[in-house]
Amino acid sequence: QKTAYEISTRDWSSDVCSSDLIESGILANIAENVIRPFYQKKFDVLESTLAVAMPKNLPWFLHRGEGAIFGWLWLQDLPMTDWEFYQELKKVGVIVVPGSSFFPGLQEEWEHKHQCLRISLTGSDEEIIIGMQRLAKVAERVYQVAAVSV
């Protein structure tokens, strides 16, 4: 049985194939003990940054992080669609994926799908921090404008 080190330092053009990695359990081991903890730490950066940066009166929630390469942010009662919010974020250099993109087969209208964003955790910690600080400022502005126009 090959170790994770032997697999990672090996010439991939050799005879090692993905079925070897799967059957040996090495891939599952790497996923559980390397990849998941790495992205859980990224999620922790996302969560702690939003906890500090988001205005306390804004209703926001993060779906529980489980070591995936993205986080899901729910901006409850977002006063615009996720796509409109995405456009506002682009103006300040923040790219996310509007959540409604992930509900293609949903027949009935569900407001929640227009209030969520998928946030990549593949950037550096610094990029995640800066992006979430910018997102918090945009969210504050968007909610304030909506409150004033009511």
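Residues numbered from 1 in each chain as written. Predicted model: local features only at pLDDT ≥ 70, side-chain atom pairs only at ≥ 80, totals over all residues. Heavy atoms only, no water.

Colleague: Sorry if this is basic, but what is going on with the overall build of the chain here?
Modeller: Within the chain, the secondary structure is distributed over five helices and four strands. Listed by position from the N terminus, the elements making up the chain come as α-α-α-β-β-α-β-β-α. Looking at the chain as a whole, 33% of its 150 residues are labelled buried. Taking contacts inside the chain between residues at least 6 apart in sequence as the whole, the part at least 24 apart equals 60%. Looking at the chain as shown, the accessible area adds up to about 9400 Å², and 56% of this sits on carbon and sulfur atoms. (Helix = DSSP H or I, 4+ residues; strand = E, 2+ residues; numbered from the N terminus. Buried < 20%, exposed > 50% of the residue type's maximum accessible area, 1.4 Å probe, protein only. Contact = heavy atoms within 4.5 Å. Areas by Shrake-Rupley, 256 points an atom, 1.4 Å probe, with all protein chains shown as cover.)

Colleague: How should I be thinking about the nonpolar core in this particular structure?
Modeller: Across soluble globular proteins, nonpolar side chains have a tendency to be buried as a group. Within the largest apolar cluster, 28 residues are counted, with the highest numbers of intra-cluster contacts made by Leu46, Leu50, Met54, Leu73, Leu75, Phe85 and Leu135. Of all the elements in the fold, those that place two or more residues in this core are helix H3 (26-53), strand E1 (60-62), strand E2 (70-75), helix H4 (82-91), strand E4 (116-120) and helix H5 (125-148). Per-element tally for this core: the top contributor is H5, with eight residues. (Core = buried A, V, L, I, M, F, W, Y, C linked by side-chain atoms within 4.5 Å.)

Colleague: I'm lost on the environment of Tyr39 in this one. Help?
Modeller: The topology assignment puts Tyr39 in helix H3. Taking the C-alpha atoms as reference points, Tyr39 and Ala68, 29 residues apart in sequence, are found 6.0 Å from one another. Contact partners of Tyr39, with chain neighbours within four places excluded, come to Gly67, Ala68, Ile69, Leu121 and Thr122.

Colleague: Even after reading the chapter, I still don't get the sheet that holds E1, so can you show me in this structure?
Modeller: The strand order E1-E2-E4-E3 describes an open sheet built from four strands, whose pairing is antiparallel. Because the sheet does not close on itself, it has two edges, and the strands there are E1 and strand E3 (97-98). The sheet strands contacting H3 are E1, E2 and E4, and the helix crosses E1 at an angle near 165°. Each of E2, E3 and E4 is contacted by H4, which is oriented at about 40° to E4, the strand it contacts most. (Pairing = 2+ DSSP bridges. Axes fitted to C-alpha atoms, helices over the stretch in contact; angles between N-to-C directions.)

Colleague: Quick question: what am I supposed to make of H4 here?
Modeller: For H4, the set of buried residues is Asp82, Phe85, Tyr86, Glu88 and Leu89. Along H4, the residues classed as buried sweep out an arc of 160° about the axis, all on the same side. Those residues of H4 that are buried lie in contact with E2, E3, E4 and H5. (Arc of directions from axis to C-beta.)

Colleague: Looking at this structure, I do not really get the layout of surface pockets. What am I missing?
Modeller: Rolled over the atoms, a probe sized like a water molecule indicates the empty space that remains. Size it by volume and the largest pocket reaches roughly 260 Å³. Residue lining of the largest pocket: 14 residues in total, with Ile95, Ser120, Glu127, Ile128 and Gly131 positioned closest to the centre. Taken together, the elements giving at least two residues each to the lining of the largest pocket come down to E4 and H5. For the lining of the largest pocket, the element with the highest residue contribution is H5, accounting for six residues. Here the residues of the lining of the largest pocket sort into seven nonpolar, five polar and two charged. (1 Å grid on protein atoms, 1.4 Å probe; cavity = no way out; pocket = protein on both sides within 12 Å on 5 of 7 lines; lining within 4 Å. Points joined across faces, edges and corners; volume = space filled by probe spheres on them. Nonpolar A, V, L, I, M, F, W, Y, C, P; charged D, E, K, R; others polar.)

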